Amino acid sequence: MRYDIQMEALKHKQTDYKNLCTIRRARIRDKRVLIRTDFDVSVEHGKISDDFRMRKSLATIQYCVQKGAKIRIISHWGRPQGRPVRSLSMRGIAHHLEQLLKSRVIFIPDPFKASAMDRYGASNQMLFFENVRFWRGEERNSRAFAVKLAAWGDLYVNEAFADAHRKHASMVALARRLPAYAGISFAEEIFYLSRVRDNPRHPFVAVLGGAKLETKMPLIRGFLKDADRVIVGGALAMGTGIWSMHFTAMLAFHLPITLAYDIGITALSMAIAVGVSG
């Protein structure tokens, strides 16, 4: 999987895929559906170089279209620190979504303006809001901010698994304001992670990447209990200071952990070495 594996999805044993309340269980015809997506995509020279995360959300978006829902997309891009940053506007990403869906998408620069609500509040067209992190209320998990977002929808869908661990308004406070459901891709993530957590097949190799080692270290320790080998790659493998000391200690105690600067090549070679069949 290309999403970061999140600790919250694994540490709670009560997480049960079969009982997960997904969008397929909701009655959404003619309903305004707020879909929180993860469109934090890679951009090079002003063009999207990897739209994998966008494509993963298409199943939920298209399902809602087929069921006659009125779709409103909420997402973020980068870290604008609660203020508008022109280079982090999602207008271009909204246009890319149009191309993927081959359907018109209306970009809303400021969903909190009364004029925007007056014009598009009941619209049947697909709406795409500007970068939700342009407003401070998002990362503060502001209840007042969530109330304003909730005015645009009748129900809420989380299709941003890679960000679901964040205590942000569009993840937490908003989900408490409206009937909330998991998206199709989100549910798939829970299904596969639950299977690995509860009944892993051996040989079992866990491959972890990302940038924030402080949030991944508990997960690494957890996998070390069950996995035949844990491969830590990318920015995680290049940890400095106290995190570097953690890895040094793990290696000194001969724990089954490998640091990989080229995570793809190392993961492939290690999988072959331990006989992982997929």
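The rules behind these values
Residues numbered from 1 in each chain as written. Predicted model: local features only at pLDDT ≥ 70, side-chain atom pairs only at ≥ 80, totals over all residues. Heavy atoms only, no water. Helix = DSSP H or I, 4+ residues; strand = E, 2+ residues; numbered from the N terminus. Buried < 20%, exposed > 50% of the residue type's maximum accessible area, 1.4 Å probe, protein only. Contact = heavy atoms within 4.5 Å. Areas by Shrake-Rupley, 256 points an atom, 1.4 Å probe, with all protein chains shown as cover. Pairing = 2+ DSSP bridges. Axes fitted to C-alpha atoms, helices over the stretch in contact; angles between N-to-C directions. Left-handed = near helix turned anticlockwise from the far one by under 90°.

### Here we look at the overall build of the protein
Stage number 1. Helix and strand counts for the protein come out as eleven helices and eleven strands.
Stage number 2. For the protein, with 278 residues in total, the buried portion stands at 47%.
Stage number 3. For the protein, restricting intrachain contacts to residue pairs at least 6 apart in sequence, the fraction spanning at least 24 positions comes to 76%.
Stage number 4. Taken as a whole, the protein presents about 14,800 Å² of accessible surface, with 51% of it coming from carbon and sulfur.

### Regarding unusual backbone geometry
Stage number 1. Following His202, the chain continues to Pro203 via a peptide bond in cis, the omega torsion being 0 degrees.
Stage number 2. By secondary structure assignment, the location of Pro203 is in the loop between α8 (184–198) and β9 (205–208).
Stage number 3. You will see that Lys102, though not glycine, has its phi angle at about 55 degrees, which is positive.
Stage number 4. By secondary structure assignment, the location of Lys102 is in the loop between α3 (91–101) and β5 (105–108).
Stage number 5. The class for Lys102 is exposed, based on a relative accessible area of 75%.

### Quick word on the sheet that holds strand β7 (residues 155–159)
Stage number 1. In space, the six strands of this open sheet follow the order β5-β6-β4-β1-β7-β8, with parallel pairing throughout. Each edge of the sheet is formed by a strand with only one pairing partner; in this case those strands are β5 and β8 (180–182). Ignoring which end each strand starts from, the neighbouring axes of this sheet average 25 degrees apart.
Stage number 2. With five bridges joining them, strand β1 (residues 32–37) and β7 adopt parallel strand pairing.

### Regarding the packing of helix α2 (residues 52–66) against α3
Stage number 1. Relative to each other, α2 and α3 sit at 60 degrees, their axes nearing to 11 Å. For the pair α2 and α3, the sense of crossing is right-handed. Counting all contacts with α2, which are made through Met54, Arg55, Leu58, Ile61 and Gln62, the residues of α3 involved are Ile93, His96, Leu97, Leu100 and Leu101.

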